[in-house]
Structure formats: C-alpha cells, structure tokens
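A look at the structure
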Amino acid sequence: MIAAIISSFVIVIFIVGLAISHYLRQHKKQTNDSSYSITRYWRHQLASTSCDNLSPSSITNEKQSHSIVNETTSIIKNSFSWPEASMLHRQDQEQTKRSSTVSSSALSDSLTMEHIIEPASLIFSLRWDEITKSLFVRIVSARDLFIYRHHRQPLVIDSYVRVELISTSMENTTPKTFPSMRTHIIKKNAHPIYDELFEFTNIEQINNDNYSLVFTISTYDTFTRDEIVGEIIFPIELNTLESTEITFTKILTTRHKQLSNQQLGQMLISLCYQPADSAVTIIVLKAANLPRIGTTRLINPYFKIYMFYKNQRIFKKRSTIKRTTQTPIYNECFTFNIPNNDIENIYFDIILFDYDNHMKHEPIGICSIGKDMNQHWNDVCHRQITKQIAHWYQLKSFNESIH
C-alpha cells in the first residue's frame, strides 16, 4: 500500500515537472516572437515598389500592411527606447538652439552698436520766480542709460539723478552753498522718466556770482557702492530764464571723458632692489597736478600697488587717503618679496583712486614699473648700489593702460 502511494506521488511530480518545462519553453518562444527587429519593419515600410505594377488591390493591400506596420511600430516605440531617434531629436534641438543663439547674438550686437552710437542724455527744464527769488528745476527723463563693461554687453541699470547748485567763481573763497537733492530710483530702465520738481530758494546774489547746476546720474546698487554714469554742468544765466519752464536736452559727460580732457598728474616714486634679501622697496613720496572732478571738486586721492609675477597678480597694498587736495604728500614705504629672486618676471601697477564716502571709488590714473617699461626700473635692478632712486612718473588713463 505504501509503495503504491509513493509511486503515484513520483508520477505526479514527474507530470508537474513536464508541465512546467513545457510552459517555460512556450513563454520563451512567445518572448522571442514578440521582440521584433526595428530595422526589419523600417525596411518593409520603405521597400521600393515599381509604379507600373500598382493596382487598386495592391494599393489596398499596401495600405493595410502599412497600417499594420505603423501599429506595430507604435507598439515598439511605446515598449522600447529608440536611441537613434532620441539622438537625432537632440541634434535637431541643438541645431535649433545654435541657430537661435546666433540670430539673438547678431541682434544683440546690432542693438549694442545702436546704443554705443547714441550717447546718454538728460532732459530737464528750468523756471525762475522773480518774486520769491527761487529757481525751479524739473528733471524730466533720461535716455540710453547703460553701463559698458570690458568685453561685455551693455547693462541696463537702476538709476537716479542728483542735482546741485554750485559756485564756479574762482575768486569767491566762501561761496554760498545749497543742499543737493535727488530723484527717486527707477529700476531696470534704459529710458527712465523721473518727472520731479526741485526748488532752490534765496539766491538773490546769483546775478553777481557764477553759478552752475550740476546733474549727476548714478547707478543704484543694494550691496555695493553706487557708480556715476555721467555728469552735466549747466551754467545759469538768469537773463535767459523766464517765468515759464524752458526745456533743455544735454548729453552726459562720463567721468573718463572728464579726466581725458585734463592732465592726470605725476607721482614721485623711489625704488630700491636688494638681491641679498630678494626684496624690492617702493616709496611713494608725493603726487602733483592731480585733476579736478567736474572742474570744481577736489579729489580725495589714495593709491593701490599691485605686484605681478609672470602676469599673475600675487600682492596688493594700499595707501592712506588724503582729503581734497591736488598735491598729496604720502611718504609711505612698501616692501615686496620677489619669488625665487626672479626679478625679470616682476612688474608693478600703481593705480590712483578718488575716494568717496558713498559712491564707487573711481580710478584716476595708472603708472607701471617693470622691465622694458621704463629706464628707472632697469637702473635700479642692474646697478650694484642698493640705495633708493627717485623718479617722476606720468599718470596714464586707466582704460588705455595695456601691458
């Protein structure tokens, strides 16, 4: 009895194993049949057919086969990834992006040229009130306000206008001063409209003195110092003013253009090279004939010394600030260690700045010291005498200095 049960159990297990193996073979065959070749269907779809052999029945058959092929192809697309198609799609997208980039860059270049041709300007109006002896100044708007960076596109700025009434008379040592006033800030607009009215009162003596209105357009920055875009100095002649507003349009003069019309001045610098210590000592003694800002304001000069080794800046040092002077005296000494005593690959840039409590410090001029730049450096480096040798350096425009 037990032997019969065991034998029947073994037979059942054998039959179940045969069924499982048969099921696995059928499933594998179905999987192989369903893994169609993409290229096979593309070849069948794009098979060449002679136009002479076409008939209505063949066209109907072709349509049916074409619909079958499309249906099968859509199934394959939904089931599998198409690397060739995705690559082609990405290439088309890249070509479209490149073409749009080229067209937009060409457009931006053309716009840049237009804005460079058109200088920034300010529109304002003046009105004189004879009864109250007051001058009313209305700042209307500005045009083409951009900041131009080196090798960059023009930047649209947040701007405001400051207006001051100043005396331009050189004989009057204690001129009457008036408070300066400013407009509100216009955000991200190259053609801002301000439309604000300001009043300067109690100016009876303006007929006897030389007074001018100074309009200063500046950028506003939340995190850094504001930067001056340009200025307009407008001399006041009361004979030409009326009780009704007279509108004027004036071109802005940039700070660089103001300085280019003046002599930037000179700096007296003393050098000493000590080969034993691998060091160069620079003593800046003084400066002379520094320019004015807007022909009226004296600058607050200070300078920075940049040391370059193999065209890489490695050190920077700064002087103290001298207030409202054209002839500052520094007498400040700076010592720089020369890497590997390689004096041939060393040069220095000394940049003179105008300090301002609120605005960005603007460079006034620059002088460079190094090999093949001036005879003073060659005399200091090649002489055996380790003593200070002084020389006057002419300041050059900061934008024109190229090594």
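Residues numbered from 1 in each chain as written. Predicted model: local features only at pLDDT ≥ 70, side-chain atom pairs only at ≥ 80, totals over all residues. Heavy atoms only, no water.

Per an unreviewed UniProt entry, the protein goes by C2 domain-containing protein and derives from Rotaria sordida.

Strand order in the open sheet formed by four strands is β6-β5-β8-β9, and the pairing between neighbours is antiparallel. Each edge of the open sheet carries a strand with a single partner, namely β6 (181–182) and β9 (227–235). One ladder, built from eight bridges, connects strand β8 (residues 211–219) with β9; its direction is antiparallel. Residue T216 lies in a different strand from β9, and its bridge partner there is E231. (Pairing = 2+ DSSP bridges. Helix = DSSP H or I, 4+ residues; strand = E, 2+ residues; numbered from the N terminus.)

Looking now at a nonpolar patch on the surface. Residues V12, V16, I20, Y23 and L24 make up a contiguous nonpolar surface patch of roughly 500 Å² in combined accessible area. Here V12 lies in helix α1 (residues 2–34). (Patch = residues over 30% accessible without salt bridge, like charges linked within 9 Å, V, L, I, M, F, W, Y side chains within 5 Å. Areas by Shrake-Rupley, 256 points an atom, 1.4 Å probe, with all protein chains shown as cover. Salt bridge = Lys/Arg side-chain N within 4 Å of Asp/Glu carboxyl O.)

Before going further, it helps to spend a moment on the pattern of salt bridges. One pass over the structure, following the stated rule, counts five salt bridges. Across the pair K133 and E130 runs a salt bridge, and its minimum N-O distance is 2.6 Å. On the basis of relative accessible area, E130 is assigned to the partly exposed category, the value being 48%. The salt bridge involving E245 is made with R138; its shortest N-O contact spans 3.1 Å. (Buried < 20%, exposed > 50% of the residue type's maximum accessible area, 1.4 Å probe, protein only.)

Let us look at the UniProt feature "transmembrane region" (unreviewed entry) in the protein. The UniProt feature table records "transmembrane region" (unreviewed entry) at residues 6–24. Across residues 6–24, helical content stands at 100% and strand content at 0%; the span's end C-alpha atoms are separated by 27 Å. (UniProt positions renumbered as here; feature names shortened; annotations may be inferred.)

Scanning the entire structure with this criterion turns up 13 aromatic pairs. Seen from their ring centres, F178 and F200 are 6.4 Å apart, and the 90 degrees between their planes marks the pair as edge-to-face. Highlighted residues: F178 in the loop between β5 (159–167) and β6 and F200 in strand β7 (residues 193–200), separated in sequence by 22 residues. The residues F178 and F200 share a single accessibility class, namely buried. Ring geometry for F308 and Y347: centres 4.8 Å apart, planes at 5 degrees, overall stacked. A residue pair is termed long-range when its members are at least 10 positions apart, and F308 in strand β13 (residues 301–309) and Y347 in strand β16 (residues 346–354) qualify at 39 residues. There is no split in this pair, since F308 and Y347 are both buried. Cation over ring: R127 sits above F136, and NZ or CZ is 4.2 Å from the ring centre. Above the face of the Y302 ring, R318 is positioned so that its terminal group lies 4.3 Å from the ring centre. (Phe/Tyr/Trp six-rings, centres within 6.5 Å; stacked < 30°, edge-to-face > 60°. Lys NZ or Arg CZ within 6 Å of the ring centre and 35° of its normal.)

What follows is about a positive patch on the surface. On the surface, a cluster of positive charge is contributed by R225, R313, K316 and R318. Counting through the fold element by element, K316 comes out in strand β14 (residues 312–318). Residue classification places K316 among the partly exposed residues on the basis of a relative accessible area of 49%. (Lys, Arg positive; Asp, Glu negative; His and termini not counted. Charge placed at Lys NZ, Arg CZ, Asp CG, Glu CD.)

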